[in-house]
Amino acid sequence: MDYGKTLHLPETEFPMRGNLPKREPELLAFWKDNDIYHKRLKKREGAKKFILHDGPPYANGKLHIGHALNKVLKDIILKYKTQQGFYTKYVPGWDTHGLPIEHAVIKETGLNRHEMSPLDLRKRCHDYALARVDEQRADFIRFGVLGEWDDPYLTLAKHVEVAQIGVFGTMAKKGYIYKGLKAVYWCPHCETALAEAEIEYKEIKSNSIFVRFKAEDLGSHAPQGFDKDHTYALIWTTTPWTIPANKAIAANSDIEYVWVKVGDDALLLAKELVASSMEAAKVTEYEVLPGIMKGKDIEGLRFVHPMYEDRKVPVILGDHVTLEAGTGLVHTAPDHGVEDFEVCKKYPDWHLEPSGTVGPDGKYTSAVPGYEGKFALDMNVEMIKALAASGALFAKGSLRHQYAHCWRCKNPIIYRATEQWFSSVDGYRKKALEAIDQVQWIPSWGHDRIYNMIRDRGDWCISRQRVWGVPIPIFYCREHNHAVITDETITHLQEIFAKEGSDAWWAHTEKELLPEGFKCPECGCTEFRKESDIMDVWFDSGCTHQGVLCHDPELTYPADMYLEGSDQHRGWFNSSLLTSVAANGIAPYKAVLTHGFTVDGEGRKMSKSVGNTVAPQEVIDQYGADVMRLWVSSADYQGDVRLSPKILKQLSDVYRKIRNTFRFLLGNINDFNPETDAVSYKDMSEIDKWALLRLEQVLETVTEAYENYQFHVMYHTIHNFCTVDLSSIYLDVTKDRMYTEKTDARE
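Before going into details, it helps to say that this report is about the structure given with it. Here the structure is a predicted model, which is why all the values come from computation and not from measurement.

For the chain, the count of helices and strands is 24 helices and 28 strands. Its C-alpha atoms give the chain principal-axis dimensions of about 120 × 75 × 50 Å. Considering the chain as a whole, with its 747 residues, one finds that 53% of them fall into the buried category. In the form shown here, the chain has an accessible surface area of approximately 35,000 Å², with 49% of it arising from carbon and sulfur atoms. Considering the chain, the positive charge centre built from 89 side chains and the negative charge centre built from 107 side chains are found 2 Å apart.

See the structure below:
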């Protein structure tokens, strides 16, 4: 007798091997052909909404694994919310303006942007952005993410641009927009101002120098026994190239200063920094002279610029001067430092204004005689030589430190005093801080992070010296140069942009862009010129709460959630909050969830040069998108998320175990009919009751994990349930009866 034929072996069409790289595209095609996403929405029509507003990635380059982490997290949340009965329309978006795209176009084509017409360059940027959108969209769909992929939002879309200039007009009307001269981040390679969110920091090696400024007028504070030719203020700086821009020496009113005898000279510096300064200069023979002066006592003392004898340099006071490094006397160049610029403004009668030492291209101007046309950042050594030749160089050295770089071209940036358009954050800072308190921050430390950023941030520089973007919608009357922006001009521009998009700004004359017969409200002038700058791309994406959420009646404003990486506390979360509060007095989101960054298996930042990157497509080609999604769900995303080939292999094994558990269950219920074969709870065996109990406990834990966005808890709970409770206990104990009992047996 063949006893094998008497066994009830599992039967199922569910394959043993997932073969995900091959089968997933078939599933995606099925979803598309049957319009599963919209059928899902249709089923939830009229239900309570849960709207997650998509933070737009740049339409530039290929997607990286961080994009996968971000989009899959959003998809997990939205699919859960749909199952919970919510209406979850999801409109993915792209940031399609700005320097990243303009830079990529110029790099790809090799063209000189200065030789191109604005409309020609804009057309190339437009086409490039749309091509990248198509590429990235296909990859996002391959991740298994459902959404309005055929109708996403783009910041170049006409209705989005219309809403954006509307927000700008509202902020201007409330007095939150102004033009002013300030020291701002400036990329000399990209030739534009930058926002703080567009800055990256890298370690560099810098020259450090101690420079002597000869005394000119010391009043009653001259050291006894020393004439002016042997009396100096000693400053320290790590930017020798800024010495030509020096206008003052800053001291702190409460720091104690002394004269120090070194050879035949007397040097002025902070008492507490004498020893460290002498050590750095390798000076062993020196004497601290009697007498101590507070910073407030030496205010107004005058010295001579070491390169320009006709320039007298006063001592001014600033709270930014500390005893952390240097000499306690700070070289102050209002052209090239925020604190330098601000502290010099406090002395209007002393004429410490910026001189315009460096042009947009980073080269010295005629304000630096003998060096005009030379790239300033390359001139550190030349400046050191010049100072040494004049006898002003006291000592030199070097140090390694973090320095600001442009996020796009990756080159070092400078501070440069220029006229820019700003948003006056002080005008609505209090409301923004109050709005932060009304938002749910996940994790909770996000509250303090963005609260402190908004509390401490300066005014927002929103102008950029490029052409690929939304123009700053301001006109200037030619007679008196009055800046003009009114409800009338904005409404008229919105009507034009709604038809032609922002290209109209470059395609039409001022007369065509202004209402018929328009006159300057200040002087009645009828001739105007247009502003040439565009808006910061963070202003673009920061206004999508109006251009997207308020544009589509199926969405909601404020959104239920914004979800992005933790770097967006200073980026999109920040700009969106400021524009929303400034325009409407409320935050654009009810909840904000942030995730960490992807790192390799050893916790190192992923880098092409190190060779530790993992591309989403590589994961999908080898394991399938479901394994990549499993990785996302398995990680505690609140910190940095590790990924490596070893981790992926482990997750692939977990996937296989979960899949095999389901396959075993399906194989044993292939002929089960709940109407005729169901067993009441009271008639079940104890182990069956235990299995149901564990299932309910798992459901409770998993639901709570979803509600709290703790997906790694959900992952571990399901994994343990399948591999321990089911495979190792329940299925192992019951498989004998499943194989041998009659098909209609109660057990």
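Moving on: the nonpolar core. Among the nonpolar cores identified, the biggest contains 158 residues, and Met561 and Tyr589 are the most heavily contacted of them. Here this core takes nine residues from helix H3 (residues 65-83), the largest share from any one element. Not counting chain neighbours up to four residues away, the residues in contact with tyrosine 589 comprise Val439, Trp441, Ile450, Pro558, Ala559, Tyr562, Phe573 and Leu577. Residues Leu218, Ile249, Ala251 and Leu268 belong to the second largest nonpolar core, which totals 38 residues.

Note on placement: serine 208 falls in strand E6 (residues 199-217). For serine 208, the side chain forms a polar contact with the main-chain nitrogen of serine 398, separated by 3.5 Å.

Taken together, the buried positions of helix H4 (residues 99-109) are Leu99, Pro100, Ile101, Glu102, Ala104 and Val105. Just downstream of H4, glycine 110 is the residue with a positive phi angle, here 75°.

Next up on the list: the sheet that holds strand E26 (residues 591-595). Judged by pairing direction, the sheet is parallel, and its four strands sit side by side in the order E1-E25-E26-E18 without closing on themselves. Because the sheet does not close on itself, it has two edges, and the strands there are strand E1 (52-53) and strand E18 (440-442). In this sheet, E26 lies alongside strand E25 (residues 561-565) in parallel orientation, the contact comprising four bridges. Note that in E26 the partner of tyrosine 562 across the bridge is valine 592. Seen against the sheet, H3 touches E1, E25 and E26 and runs at an angle of roughly 155° to E25. Packing against the sheet, helix H18 (residues 572-584) makes contact with E1, E25 and E26, and its axis sits at approximately 145° to E25.

Residues Asn380, Met383, Ile384 and Leu387 constitute the buried set of helix H10 (residues 380-389). Taken down its axis, H10 places every buried residue within 100° of arc, on the same side. Exposed residues pointing more than 90 degrees away from the buried face of H10 are listed as Lys385 and Ala389. On its buried face, H10 is in contact with E6 and strand E16 (393-406). Backbone geometry just after H10 places glycine 391 at a positive phi near 85°.

Here glutamate 148 shows up in the loop between helix H5 (118-142) and strand E3 (153-154). No salt bridge is formed by the buried glutamate 148; the nearest opposite charge belongs to lysine 89, separated by 4.4 Å. Within the structure, glutamate 148 has its side chain in polar contact with the side chain of tyrosine 37 (distance 3.2 Å). Beyond its immediate sequence surroundings of up to four residues, glutamate 148 is in contact with Tyr37, His38, Leu41, Lys89, Tyr90, Val91 and Pro92.

A few words on the state of the cysteines. Applying the stated criterion to the full structure yields zero disulfides. Left unpaired, cysteine 543 is separated from the closest cysteine sulfur, that of cysteine 550, by 11 Å.

Here we take up the packing of helix H11 (residues 429-437) against H18. As a packed pair, H11 and H18 sit with axes 9 Å apart at the nearest point and diverge in direction by 115°. Classified by the angle between their axes, H11 and H18 sit roughly perpendicular to one another. Between H11 and H18 the crossing geometry is right-handed. Residues Lys431, Ala432, Ala435 and Ile436 of H11 form the contact with H18, whose own contacting residues are Leu577, Leu578 and Val581.

Turning next to unusual backbone geometry. Look at the link from isoleucine 442 to proline 443: it is a cis peptide, with omega at 0°. Turning to its location among the elements, proline 443 is positioned in the loop between E18 and helix H12 (445-456). Following tyrosine 557, the chain continues to proline 558 via a peptide bond in cis, the omega torsion being 5°. One can find proline 558 in the loop between helix H17 (544-549) and E25. Backbone geometry at asparagine 19 places phi at a positive 45°, although glycine is not the residue there. Along the polypeptide, asparagine 19 turns up in the segment before helix H1 (20-33). Phi is positive for glutamate 191, close to 55°, though the residue is something other than glycine. Among the structural elements, glutamate 191 can be located in the loop between strand E4 (177-187) and strand E5 (192-193).

What follows is about the sheet that holds strand E21 (residues 475-477). One open sheet holds the three strands; their spatial order is E22-E21-E23, and the pairing between them is antiparallel. Two strands close off the open sheet at either side, each with one partner strand: strand E22 (483-484) and strand E23 (528-530). One ladder, built from two bridges, connects E21 with E22; its direction is antiparallel. Bridged to phenylalanine 475 within E22 is valine 484.

Regular strands have side chains that alternate between both faces of the sheet. Within strand E7 (residues 231-237), six of the seven residues are buried, which leaves it mostly tucked inside the rest of the structure. Two strands pair when backbone bridges link them, and E6 and E7 are joined in this way by six bridges, in the antiparallel orientation. Looking across to E7, one finds that phenylalanine 210 is bridged to tryptophan 236. Relative to strand E10 (residues 265-270), E7 runs parallel, the two being bridged by three bridges. Across the sheet, tyrosine 232 pairs through a bridge with leucine 267, a residue of E10.

What follows deals with the pattern of salt bridges. Enumeration over the complete set of coordinates arrives at 35 salt bridges. Among the ionic pairs, aspartate 54 bridges to lysine 71, the shortest N-O distance being 3.2 Å. Of this pair, aspartate 54 sits in the loop between E1 and H3 while lysine 71 sits in helix H3, and the two are 17 residues apart along the sequence. We note that aspartate 54, like lysine 71, is buried. Lysine 89 is paired through a salt bridge with aspartate 552; the nearest N and O atoms lie 2.7 Å apart. With lysine 89 in the loop between H3 and strand E2 (93-94) and aspartate 552 in the loop between H17 and E25, the pair connects residues that are 463 residues apart, well separated along the chain. For aspartate 552, a relative accessible area of 15% corresponds to the buried category. Each of Asp54, Lys71, Lys74 and Glu564 takes part in one network of salt bridges that share partners.

Scoring rules and cut-offs
- Residues numbered from 1 in each chain as written.
- Predicted model: local features only at pLDDT ≥ 70, side-chain atom pairs only at ≥ 80, totals over all residues.
- Heavy atoms only, no water.
- Helix = DSSP H or I, 4+ residues; strand = E, 2+ residues; numbered from the N terminus.
- Buried < 20%, exposed > 50% of the residue type's maximum accessible area, 1.4 Å probe, protein only.
- Areas by Shrake-Rupley, 256 points an atom, 1.4 Å probe, with all protein chains shown as cover.
- Lys, Arg positive; Asp, Glu negative; His and termini not counted.
- Charge placed at Lys NZ, Arg CZ, Asp CG, Glu CD.
- Core = buried A, V, L, I, M, F, W, Y, C linked by side-chain atoms within 4.5 Å.
- Contact = heavy atoms within 4.5 Å.
- Polar contact = N/O pair within 3.5 Å; in protein donor to acceptor, adjacent residues only side chain to side chain.
- Pairing = 2+ DSSP bridges.
- Axes fitted to C-alpha atoms, helices over the stretch in contact; angles between N-to-C directions.
- Arc of directions from axis to C-beta.
- Salt bridge = Lys/Arg side-chain N within 4 Å of Asp/Glu carboxyl O.
- Disulfide = S-S within 2.5 Å.
- Parallel < 35°, antiparallel > 145°, perpendicular 65-115°, else oblique.
- Left-handed = near helix turned anticlockwise from the far one by under 90°.

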